[in-house]
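# Summary of the model geometry
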Amino acid sequence: MGDDHSQVEQNRSVLVQAIGGAQAGLVAIGAAHSANVACVETSEEGVIEGVDGLVTTVPDLALLGLGADCAVVTFADIESGVVAIAHSGWQGLVKGILSASVHQMCSQGAAPESIQAHIGPSICGQCYEVDSERAAQVAAVAPSAVFESRGKYGIDIALGAVSQLSELGVVAISSGECTSESTRHFSYRRDGTTGRQGAAIVLRKAPA
Ligand SMILES: [Zn+2]
């Protein structure tokens, strides 16, 4: 998505159409690299600041997350009718945004074993070199996300997300795409000032 405001609005309406419409509107994660999750029932606020996870049980209310190297993770428990979206980079892994999102879903009636999670494109361990301090923080919560080669460290966000979710009993599928290597994705690490890609999820009512 581009930076220009009207372009963003336009992209949002394209996205809503692409997911088959959202009669109850669309609400987006503000993204604060936090472990804060909000339950939403309306799209009134448009963007909810200070959170990195949104959960809803309201049909046709779309949840949107944006990122550029951070992963946007979508969650659905079809059986109980609970969906969620989360935004996680290394800080989200450390603070536990994915676990917080799953717990919030469960408080709304979901069960971990019924949740399907999808991890969107994010930066890989080869492209995301970090210092030893950051690597150690992530290794403490998701050891498989951290790579070391000749004294250099890298973090793979998607691998961290998969391992954290599997510890919770949630099966997660990763897109496997690295935002920095892919020419069709925005990457903060690669480009500095950049747009963000998004993912959205919407719960449909069962056909009558
Ligand atoms: Zn990469």
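Before reading on, note that the structure itself is shown above.
### Some words on the overall build of the protein chain
If you tally the helices and strands in the protein chain, you get 6 helices and 13 strands. In summary, the protein chain has a C-alpha radius of gyration of 16 Å against a globular reference of 17 Å for 208 residues, a match within 12%. Principal-axis analysis of the C-alpha atoms gives the protein chain an extent of 60 × 40 × 25 Å. Taking all 208 residues of the protein chain together, the buried fraction comes to 50%.

### Points about helix α1 (residues 5–18)
Under the 1.5 Å per step criterion, the end-to-end length of α1 is 20 Å for 14 residues, consistent within 8% with the ideal 20 Å. Buried residues along α1 sit in contact with β1 (26–29), β3 (47–48), β5 (62–67) and β13 (197–201). At the exit of α1 stands G20, carrying a positive phi of roughly 85°.

### Some details on the sheet that holds strand β2 (residues 37–39)
Spatially, the 6 strands line up as an open sheet ordered β2-β4-β7-β6-β8-β12, and their pairing is mixed. Across the chains shown, the open sheet's two edge strands, defined by having one partner strand only, are β2 and β12 (171–174). Between one strand axis and the next, the sheet turns by 15° as a mean value, whatever way the strands run. With 3 bridges joining them, β2 and strand β4 (residues 53–56) adopt parallel strand pairing. Bridged to V37 within β4 is G53.

### Re the pairing of strand β10 (residues 146–149)
Pairing geometry for β10 and strand β11 (residues 152–155), over 4 bridges, is antiparallel. Each bridged residue has a counterpart across the sheet, and for F147 the counterpart in β11 is G154. Hairpin connection of β10 to β11: 2 residues between the antiparallel strands, including R150 at a positive phi of 50°.

### Remarks on helix α3 (residues 97–107)
The set of residues buried in α3 consists of I97, L98, S101, V102 and M105. In an axial view of α3, the angular spread of the buried residues amounts to 135°, which keeps them on one side of the axis. Buried residues along α3 sit in contact with β2, β4, β6 (71–77), β7 (82–88), α2 (90–95) and α5 (157–167). Positive backbone phi, approximately 110°, marks G109, located one or two places after α3.

### Notes on the pattern of salt bridges
Counted under the stated rule, the structure contains 3 salt bridges. A salt bridge links R184 to E177; the shortest N-O distance between them is 3.1 Å. Using a relative accessible area of 64% as the deciding quantity, one classes R184 as exposed. D191 is paired through a salt bridge with R190; the nearest N and O atoms lie 3.0 Å apart. In this structure R190 comes out as partly exposed when scored by relative accessible area, which is 34%.

### Focus on the pairing of strand β8 (residues 116–119)
Only one face of β8 is buried: it carries A117 and I119, and the other face, with Q116 and H118, is open. Sheet analysis places β8 next to β12, joined by 4 bridges and oriented parallel. Bridge pairing links H118 to I173 in β12.

### Section: the nonpolar core
V73, F75, L98, M105, I119, I157 and L165 are the most contacted members of the largest nonpolar core, which totals 35 residues. Of all the secondary-structure elements, those providing two or more residues to this core are β6, β7, α2, α3, β8, α4 (132–141) and α5. Excluding residues within four positions of it along the chain, I157 makes contact with D69, A71, S88, G89, W90, L93, S122, I123 and Y128. Grouped together as the second largest cluster of nonpolar side chains are 15 residues, V51, L61, V72 and V83 included.

Rules of the game
- Residues numbered from 1 in each chain as written.
- Predicted model: local features only at pLDDT ≥ 70, side-chain atom pairs only at ≥ 80, totals over all residues.
- Heavy atoms only, no water.
- Helix = DSSP H or I, 4+ residues; strand = E, 2+ residues; numbered from the N terminus.
- Rg over C-alpha atoms; globule rule 2.2 N^0.38 Å.
- Buried < 20%, exposed > 50% of the residue type's maximum accessible area, 1.4 Å probe, protein only.
- Expected span 1.5 Å × (residues − 1).
- Contact = heavy atoms within 4.5 Å.
- Pairing = 2+ DSSP bridges.
- Axes fitted to C-alpha atoms, helices over the stretch in contact; angles between N-to-C directions.
- Arc of directions from axis to C-beta.
- Salt bridge = Lys/Arg side-chain N within 4 Å of Asp/Glu carboxyl O.
- Core = buried A, V, L, I, M, F, W, Y, C linked by side-chain atoms within 4.5 Å.

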